[in-house]
Amino acid sequence: MFGRLLIVLGAAALLHAAFSTYEHLSYLKALGRLEESVPNDVTLEALVGLFLGILGASLDAPALKEITWASEMKKRSIDEMDSRLGFANWSNRGSTLLGESYGKGQ
């Protein structure tokens, strides 16, 4: 729950920083001073919003799962893992490609 709250706060801070940047740049454009940069408080707000979003996503993420061979073998048997019947394919396209006389001993 806390992670989702941080995500929402981070998104709100980023949206507010974007709107503040747009307002500031349109104000500078109206004054004809396009060479000035974005104020430091807007930059800081954007960075804080980004940090809150990353922290919230990290806290809201599910627990990591083991991906080792040993952890996989705890869930399965060796007969399941060593069964290779799915790879056996006894049909081929020889008669389709080479005609009906394929494989008849000629």
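Residues numbered from 1 in each chain as written. Predicted model: local features only at pLDDT ≥ 70, side-chain atom pairs only at ≥ 80, totals over all residues. Heavy atoms only, no water.

**Student:** Would you take a moment to explain the overall build of the protein chain for this structure?
**Tutor:** Each helix and strand in the protein chain was counted, giving five helices and zero strands. In the protein chain, the succession of α and β elements from N to C terminus is α-α-α-α-α. Looking at the protein chain residue by residue over its 106 residues, the buried ones come to 12%. Considering only contacts in the protein chain between residues 6 or more positions apart, those separated by 24 or more positions represent 66%. When the accessible surface of the protein chain is split by element, carbon and sulfur atoms take 63% of a total near 9,400 Å². (Helix = DSSP H or I, 4+ residues; strand = E, 2+ residues; numbered from the N terminus. Buried < 20%, exposed > 50% of the residue type's maximum accessible area, 1.4 Å probe, protein only. Contact = heavy atoms within 4.5 Å. Areas by Shrake-Rupley, 256 points an atom, 1.4 Å probe, with all protein chains shown as cover.)

**Student:** Just to check I follow, could you spell out the UniProt feature "signal peptide" (unreviewed entry) in the protein chain for this structure?
**Tutor:** The UniProt feature table records "signal peptide" (unreviewed entry) at residues 1-17. The distance separating the terminal C-alpha atoms of residues 1-17 is 24 Å; by composition the span is 94% helix and 0% strand. (UniProt positions renumbered as here; feature names shortened; annotations may be inferred.)

**Student:** For this particular structure, what's the right way to read the pattern of salt bridges?
**Tutor:** Oppositely charged side chains can form a pair if their charged atoms are brought close together. All told, the structure shown has two salt bridges when counted by the stated rule. Across the pair Asp-60 and Arg-4 runs a salt bridge, and its minimum N-O distance is 3.5 Å. With Asp-60 in helix H2 (residues 40-60) and Arg-4 in helix H1 (residues 2-31), this residue pair connects regions lying 56 residues apart in the sequence. Across the pair Glu-36 and Arg-33 runs a salt bridge whose closest N-O atoms are separated by 3.3 Å. Owing to a relative accessible area of 36%, Glu-36 belongs among the partly exposed residues under this scheme. (Salt bridge = Lys/Arg side-chain N within 4 Å of Asp/Glu carboxyl O.)

**Student:** Can you walk me through the side chain of His-24 in this structure?
**Tutor:** Looking at the secondary structure, you find His-24 in helix H1. Residue classification places His-24 among the buried positions, given a relative accessible area of 19%. When neighbours within four sequence positions are excluded, His-24 is seen to be in contact with Ser-37, Val-38 and Pro-39.

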